[in-house]
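Residue strings, one per chain:
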Amino acid sequence: MSDDKPSFINVDGAAIAYRRRPGRAPGAVWLGGYRSDMRGTKAEALDAWAAESGHAFLRHDYSGHGESGGAFADGTISRWLGESLSVLRACSEGPQILVGSSMGAWIALRMAQELNKAGESARLAGLLLLAPAPDFTGALVEPKLSDANRHDLETKGYMEEPSGYSDEPYIYTRALFEDGRANQVLDGIIDTHCPVHILQGKADPDVPYSHAMRLTEHLPADDVTLSLISDGDHRLSRPQDIALILRSLEGLIARTV
């Protein structure tokens, strides 16, 4: 573990918690999923890998998540994207491999777009996307909304759904859905200007593997690798999954040499 206590950076009035392990480039930057935090199994495994390999590693909690300030209900893709870009720019140096899990993969793809737009493409050494859920609000959640869900969104501004990963329900706000539409990436070619490796479980109950296959259609074919794990679930946190994640990360690093 890089540090028992996090450091903080203020982004738009929210105290964003992060942990940084210094090391050589390319470093790895962890981008967690919806309602997850930087102390999860995969993030800790990446930190242990960084300690052993000597590569830099950076992770943070979005506002309303984990050890960061702010209210979860105020979060949107745009807000969490801005926080992630701020942490990357302030707390890392040189080329980085963005490791995005579930919603974090959406954030990673949007970061690639924004960095390239800003002339900072040299900061990207690669993308490692785990059970990627780009556009999940519109593509995966919205089509399954019940009449009661839609009524809650319209009248209360939010809806609740049971979570298979926590005793606390998932909360989806109307603002999250509206902002999600403004951050869609599956509506054209995503020019990452760096290699992309996708790991997707075929037994994922939350993000169907067809979604990962759809994502590859929006990425330059010569830059993307898709690895399907026949019995893999959404978490991809079993020892064999962690080993594959680390091998895939090292493969991306080898491509930068």
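In the block above lies the structure referred to throughout.
Thresholds, definitions, all that
Residues numbered from 1 in each chain as written. Predicted model: local features only at pLDDT ≥ 70, side-chain atom pairs only at ≥ 80, totals over all residues. Heavy atoms only, no water. 1 Å grid on protein atoms, 1.4 Å probe; cavity = no way out; pocket = protein on both sides within 12 Å on 5 of 7 lines; lining within 4 Å. Points joined across faces, edges and corners; volume = space filled by probe spheres on them. Helix = DSSP H or I, 4+ residues; strand = E, 2+ residues; numbered from the N terminus. Nonpolar A, V, L, I, M, F, W, Y, C, P; charged D, E, K, R; others polar. Axes fitted to C-alpha atoms, helices over the stretch in contact; angles between N-to-C directions. Parallel < 35°, antiparallel > 145°, perpendicular 65-115°, else oblique. Left-handed = near helix turned anticlockwise from the far one by under 90°. Contact = heavy atoms within 4.5 Å. Pairing = 2+ DSSP bridges. Core = buried A, V, L, I, M, F, W, Y, C linked by side-chain atoms within 4.5 Å. Buried < 20%, exposed > 50% of the residue type's maximum accessible area, 1.4 Å probe, protein only.

With respect to the layout of surface pockets
The calculated volume of the largest pocket comes to roughly 970 Å³. Among the secondary structure elements, those contributing two or more residues to the lining of the largest pocket are helix H1 (41-53), helix H4 (136-141) and strand E8 (170-173). Looking at the lining of the largest pocket residue by residue, the classes come out as 15 nonpolar, 13 polar and seven charged.

Considering empty space enclosed by the protein
The final tally for this structure, using the stated rule, is one cavity of 30 Å³ or more. In this structure, the largest cavity is lined by Trp30, Gly32, Gly33, Ser36, Asp37, Met38, His60, Asp61, Tyr62 and His65. For the lining of the largest cavity, a count of residues per class yields three nonpolar, five polar and two charged.

Observations concerning the packing of H1 against helix H8 (residues 239-254)
Contact geometry of H1 with H8 gives a least axis separation of 11 Å together with a crossing angle of 50°. As summarised for this structure, H1 and H8 are arranged oblique, according to the angle between their axes. When you trace H1 past H8, the crossing you get is right-handed. Along the contact surface, H1 presents Thr41, Lys42, Ala45, Leu46 and Trp49, while H8 presents Ile242, Ile245, Leu246, Leu249, Glu250 and Ile253. In terms of residue class, the contact of H1 with H8 is built from eight nonpolar, one polar and two charged.

Observations concerning the sheet that holds strand E3 (residues 24-31)
With respect to topology, eight strands assemble into an open sheet ordered E1-E2-E4-E3-E5-E6-E9-E10, the strand pairing being mixed. Strands with a single pairing partner mark the edges of an open sheet, and in this sheet they are strand E1 (7-11) and strand E10 (224-229). Looking at each pair of strands side by side, their axes are set apart by 20° on average, direction ignored. Taken together, the five bridges between E3 and strand E5 (residues 96-101) define a ladder with parallel strand orientation. Across the sheet, residue Leu31 finds its bridge partner in E5, namely Gly100. Its contacts with the sheet put H1 on strand E2 (14-21), E3, strand E4 (55-60), E5 and strand E6 (124-130), and the angle it makes with E4 is roughly 155°.

Section: the nonpolar core
By size, the foremost hydrophobic cluster in this structure holds 53 residues, and its most contacted members are Tyr34, Trp80, Leu98, Leu127, Leu129, Phe136 and Tyr172. Ranked by the residues each element gives to this core, the list is headed by helix H3 (residues 103-117), at nine residues. Other than its neighbours up to four places away in sequence, Leu127 contacts Ile97, Leu98, Ala108, Leu109, Ala112, Thr192, Cys194, Pro195, Val196, His197 and Leu252. Trp30, Ile97, Ala125 and Ile245 belong to the second-largest nonpolar core, a separate cluster that totals 23 residues.

Regarding the packing of helix H2 (residues 77-91) against H3
Between H2 and H3, the least distance of the axes is 10 Å, while the angle of their chain directions is 65°. Crossing handedness for the pair H2 and H3: right-handed. Across the interface between the two elements, Ile77, Trp80, Leu81, Ser84, Leu85, Leu88 and Arg89 from H2 touch Met103, Trp106, Ile107, Arg110, Met111, Glu114 and Leu115 from H3. Within the contact of H2 with H3, the residues separate by chemical class into ten nonpolar, one polar and three charged.

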